[in-house]
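# Coordinate analysis (summary)
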Amino acid sequence: MPVTSQLFRGFPRAKLWGSSLFPCQRQLPCCPTSHRPTLSQPHPIWPTAMPVRGYRRSPDLHSYNLTPPQVNSILKANEYSFKVPEFDGKNVSSVMGFDSNQLPANAPIEDRRSAATCLQTRGMLLGVFDGHAGCACAQALSERLFYYVAMSLMPHETLCELESAVEAGRPLSPILQWHKHPNDYFTREAQTMYFNSLRTYWQELIDLSSPGESLGPREALLSAFKRLDSDLSLEAQVGDANSFLHYWVLRVAFSGATACIAHIDGSDLYVANTGDGRAVLGVQEEDGSFSAHTLSNDHNAQNENEVARIQEEHPPSEKKTVVRQDRLLGLLMPFRAFGDVKFKWSIDLQRGVLESGPDQLHDNEHTKFIPPNYHTPPYLTAEPEITHHRLRPQDRFLVLGTDGLWETLHRQEVVRIVGEYLTGVHQRQPLTVGGYHVTLGQMQGLLAERKARASLAFQDQNAATHLIRHAVGNNEFGAVDHETLSKMLSLPEELARMYRDDITIIITQFNPHVVGHQRQGGES
C-alpha cells in the first residue's frame, strides 16, 4: 500500500461530480450575511445599516408546502453521530460523543466539518469551516488541518520514527481516526501533494526540536494554522504539472475559509478560532438551567480589538480605507481567514501567478479583481486566537457553529435549546410575545403549542438536527412552526442564500463524572 494511502487512511472515497471544477465560485462582494432581507423585502446589494443578528420571516412568500416527513428528510440528510467508548484503550474519555449536521443555503454548500481522534497522541479534534468565494479552501482545511495539528503535537521521537518509516518504505500507523459522514468527501487526486507538504512540515519540526521535546497544545495549534495557510499559498505559487491539480490549488488559494476547532484531551479544552465561527460552552447551573460561556471571539467589524489591530498594522493614511462598510477593504466580512490570497499577496505576485495559470482562470473576474486601496499587503492573517478552558463537571457540552447558526439564534438560546434536549428537562420560562398584541384565545393557543412542543422535542435523534430545526423554523414567539420551517426549506437555490447562510454545527457532550474525577485525581 502506498505511503500516502496508509497515512491518510480512514477517509471515505471521493465524491466528485461533473461540475466540480466550478461548483461553488461566487463573486465578491457576496450577499452580506448580516444584512439578509425579510421574506417580503428585496435584498440590498450594499449594506446601508448596522449589522443585526437574526431575520424576520413573512408568511407571504410563495413556496412549496412540505409535509413533516419531507422536512425531516431535508433536516436529517447530513446528520452524523459518534459515541466514544468509555475506555478507549488509553484513558477514560471525558467526551461521551458528538452530534453534527449541516444545512446548505449555497448550492453546493460552502461549509465543511471535521472530527477525528488523535491516535499517536491523545485527544479528539473537532472543527467547522466556513468557505467564501467558493468551497475549495474550506474543503482543503477539512482534509488537512487536523493532520497539521496532530504532527505539531507529536514528540520528537515519534516524528523521527515516522520519517524513518517513510524513508524505508515501511507501513505507517494511522495518525487520525476520522469520524465522517459519507457526504464528507476528500479530494483523492491531491493526496500525494498534501502528503509531500505535510512531510516537509514534520521534517522541519524534527530539525527544530530535540529528543524529549514536543510542542504544547497552544503552540501546536498556532503552528499548525500558520503553516497550513503558508502551504496553501506556496502550492498555488509553485503550481503543478497536472492541470487539474494546478487549477485546484489556485481555487483553494483564491477562495477563503474561516476555521473554528477544538482539541479536547482529558479535562483540557483548547479552542482555536480564525474568523467568525464560534465555540460556546453549555454550563448547567445549580437550578438545572443552562448558561452560555463563549470560548471564542468573532474576528469581524463588531470586534473593536480586531478593527484596532488591522488599523495598527497599516499606515495612518489607510485608517479610513482598511475597514469600510464593516468589511476588510470594503469587501471581506471576516478579518482572519485561510486562503484569500487576494488580500495577502502583492499585486505583482497575483498577476504573475494568474498569467501562468490554467486558461479557466483567465475569464474569472473574481481572480483578476484587485481590492480597492490595496497598498500595503498582507491585510489578512490565518493566525488563530486560542483559548484554554479546564473542564468542570457543570460543563455539559460544547457547540461549534459557523456564523449561519449565530445569525439566527443568540448563544444563550442555543445553549438552552441544546441543554433541554440533552437532559429532557424544559425550563418553563415566562411566555413572551415580543410586543405583539394577542387575544386571550391566541395566548391559550400559544400555551398549548408550547406544551405540544415539549412532547415532540425528541423526534430528533441528533442534537445538531434539533438545533437547526429551531434555527430555521422558529417563529416570532420562539416556537418551531412547521409552516415557517417548510417555507425556509423550500426556497429555491437562487433565493435561499439571500435569507440565511449555510449552517454547520458540532455538539460535543462531556461526561461530568469523568471530568470531576480527572480534576480531583489529575491526569495519568
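Residues numbered from 1 in each chain as written. Predicted model: local features only at pLDDT ≥ 70, side-chain atom pairs only at ≥ 80, totals over all residues. Heavy atoms only, no water.

Next up on the list: the packing of helix 5 (residues 191-208) against helix 6 (residues 217-238). At a closest axis distance of 11 Å, the pairing of helix 5 and helix 6 adopts a crossing angle of 130°. The angle between the axes of helix 5 and helix 6 places the two elements in the oblique class. Judged by the sense of rotation from one axis to the other, the crossing of helix 5 with helix 6 is right-handed. Along its contact with helix 5, which presents Met193, Ser197, Thr200, Tyr201 and Glu204, the element helix 6 presents Ser223, Ala224, Arg227, Asp231 and Glu235. (Axes fitted to C-alpha atoms, helices over the stretch in contact; angles between N-to-C directions. Helix = DSSP H or I, 4+ residues; strand = E, 2+ residues; numbered from the N terminus. Parallel < 35°, antiparallel > 145°, perpendicular 65-115°, else oblique. Left-handed = near helix turned anticlockwise from the far one by under 90°. Contact = heavy atoms within 4.5 Å.)

Right, let's get into the environment of histidine 293. Within the secondary structure layout, histidine 293 lies in strand 9 (residues 290-294). Sequence separation between histidine 293 and glycine 282 is eleven residues, and the spatial gap between their C-alpha atoms is 6.5 Å. With near-sequence residues (within four places) excluded, histidine 293 lies in contact with Ala279, Val280, Leu281, Val283 and His389.

Here the focus is helix 7 (residues 243-254). When the terminal C-alpha atoms of helix 7 are compared, their 17 Å separation across twelve residues agrees well with the 16 Å that a helix rising 1.5 Å per residue should span. Those residues of helix 7 that fall on the buried side of the exposure criterion are Leu245, His246, Tyr247, Trp248, Val249, Leu250, Arg251, Val252, Ala253 and Phe254. Structurally, the start of helix 7 carries an N-cap: the backbone nitrogen of phenylalanine 244 is 2.8 Å from a side-chain oxygen of asparagine 242. (Expected span 1.5 Å × (residues − 1). Buried < 20%, exposed > 50% of the residue type's maximum accessible area, 1.4 Å probe, protein only. Polar contact = N/O pair within 3.5 Å; in protein donor to acceptor, adjacent residues only side chain to side chain.)

As a further point, take unusual backbone geometry. Residue proline 108 follows alanine 107 across a cis peptide bond; omega there is 0°. Across the junction of proline 377 and proline 378, the peptide omega takes the value 5°, indicating a cis bond. Among the secondary structure elements, proline 378 is positioned in the loop between helix 10 (365-368) and strand 13 (385-390). Even without being a glycine, leucine 329 presents a positive backbone phi close to 55°. Within the fold, leucine 329 resides in the loop between strand 11 (327-328) and strand 12 (338-339).

It is worth spelling out the packing of helix 2 (residues 68-76) against helix 14 (residues 463-473) at this point. Taken N-terminus to C-terminus, the directions of helix 2 and helix 14 make an angle of 120°; their axes are 10 Å apart at the nearest point. The orientation of helix 2 with respect to helix 14, classified from their angle, is oblique. For the crossing formed where helix 2 meets helix 14, the hand is right-handed. Here helix 2 contributes Val71, Asn72, Leu75 and Lys76 to the contact with helix 14, which in turn contributes Thr465, Ile468 and Arg469. Among the residues forming the contact of helix 2 with helix 14, the class breakdown is three nonpolar, two polar and two charged. (Nonpolar A, V, L, I, M, F, W, Y, C, P; charged D, E, K, R; others polar.)

Once that is clear, we can look at the sheet that holds strand 15 (residues 503-510). What the six strands build is an open sheet, ordered 1-2-15-14-8-9; its pairing is antiparallel. Since the sheet does not close on itself, it has two edges, and those belong to strand 1 (80-83) and strand 9, each with one partner. Strand-to-strand twist across the sheet, computed as the mean angle between neighbouring axes with direction ignored, equals 20°. Looking at chain direction, strand 8 (residues 278-284) and strand 14 (residues 395-401) are connected through six bridges and run antiparallel. Bridging from a neighbouring strand, valine 283 pairs with aspartate 395 of strand 14. In the packing of helix 12 (residues 411-423) onto the sheet, the strands contacted are strand 8, strand 9, strand 14 and strand 15, and the crossing angle to strand 9 comes to about 130°. (Pairing = 2+ DSSP bridges.)

It is worth spelling out the pairing of strand 1 at this point. Within a regular beta strand, the side chains point alternately toward one face of the sheet and then the other, so they alternate between its two faces. Burial along strand 1 is one-sided: the residues Tyr80 and Phe82 are buried and none of Ser81 and Lys83 is. Here strand 1 pairs with strand 2 (residues 95-103) via four bridges, running antiparallel. The residue of strand 2 that forms the bridge with phenylalanine 82 is phenylalanine 98.

As a further point, take the nonpolar core. Grouped together as the largest cluster of nonpolar side chains are 53 residues, with contacts concentrated most on Leu145, Met151, Leu176, Trp202, Ile261 and Phe338. Examining the composition of this core, we find that 13 residues originate from one element, helix 3 (residues 136-153), more than from any other. In terms of nonpolar packing, the next biggest core, distinct from the first, is built from 31 residues, Leu66, Leu409, Ile468 and Leu489 among them. (Core = buried A, V, L, I, M, F, W, Y, C linked by side-chain atoms within 4.5 Å.)

Here the focus is the packing of aromatic side chains. Tallied over the full model, the rule gives eleven aromatic pairs. A connected cluster of aromatic rings, assembled from ring pairs, spans Phe129, Phe146, Tyr147 and Trp178. (Phe/Tyr/Trp six-rings, centres within 6.5 Å; stacked < 30°, edge-to-face > 60°.)

Most of strand 14 is tucked away: six of the seven residues are buried. Across five bridges, strand 14 lies against strand 15 in antiparallel orientation. Considered in strand 15, the bridge of leucine 400 is made with isoleucine 506.

With 78% of its residues at a pLDDT of at least 70, the chain reaches an overall mean of 84. In this model, residues 9-61 is a region of pLDDT below 50 whose contacts with residues beyond four sequence positions or in other chains number 145 contacts. Between residues 454-458, whose pLDDT stays under 50, and residues either more than four places distant or in other chains, the model counts nine contacts. (pLDDT = per-residue confidence, 0-100.)

Now for helix 8 (residues 304-312). Every buried residue of helix 8 is accounted for by Glu306, Val307, Arg309 and Ile310. Seen end-on, helix 8 carries its buried residues on one side only, within an arc spanning 160°. Exposed residues lying more than 90 degrees from the buried face of helix 8 are Glu304, Asn305 and Glu312. Its buried side turned inward, helix 8 meets strand 10 (323-324) and strand 11. (Arc of directions from axis to C-beta.)

For the rest of this paragraph, the subject is the pattern of salt bridges. Any two side chains of opposite charge can pair, on the condition that their charged atoms come close. The final tally for this structure, using the stated rule, is 18 salt bridges. Note that arginine 469 and aspartate 460 form a salt bridge whose closest N and O atoms lie 2.6 Å from each other. Judged on exposure class, the residue arginine 469 and its partner aspartate 460 are both buried. Residues participating in the shared-partner salt-bridge network are Glu306, Arg309, Glu313 and Arg336. (Salt bridge = Lys/Arg side-chain N within 4 Å of Asp/Glu carboxyl O.)

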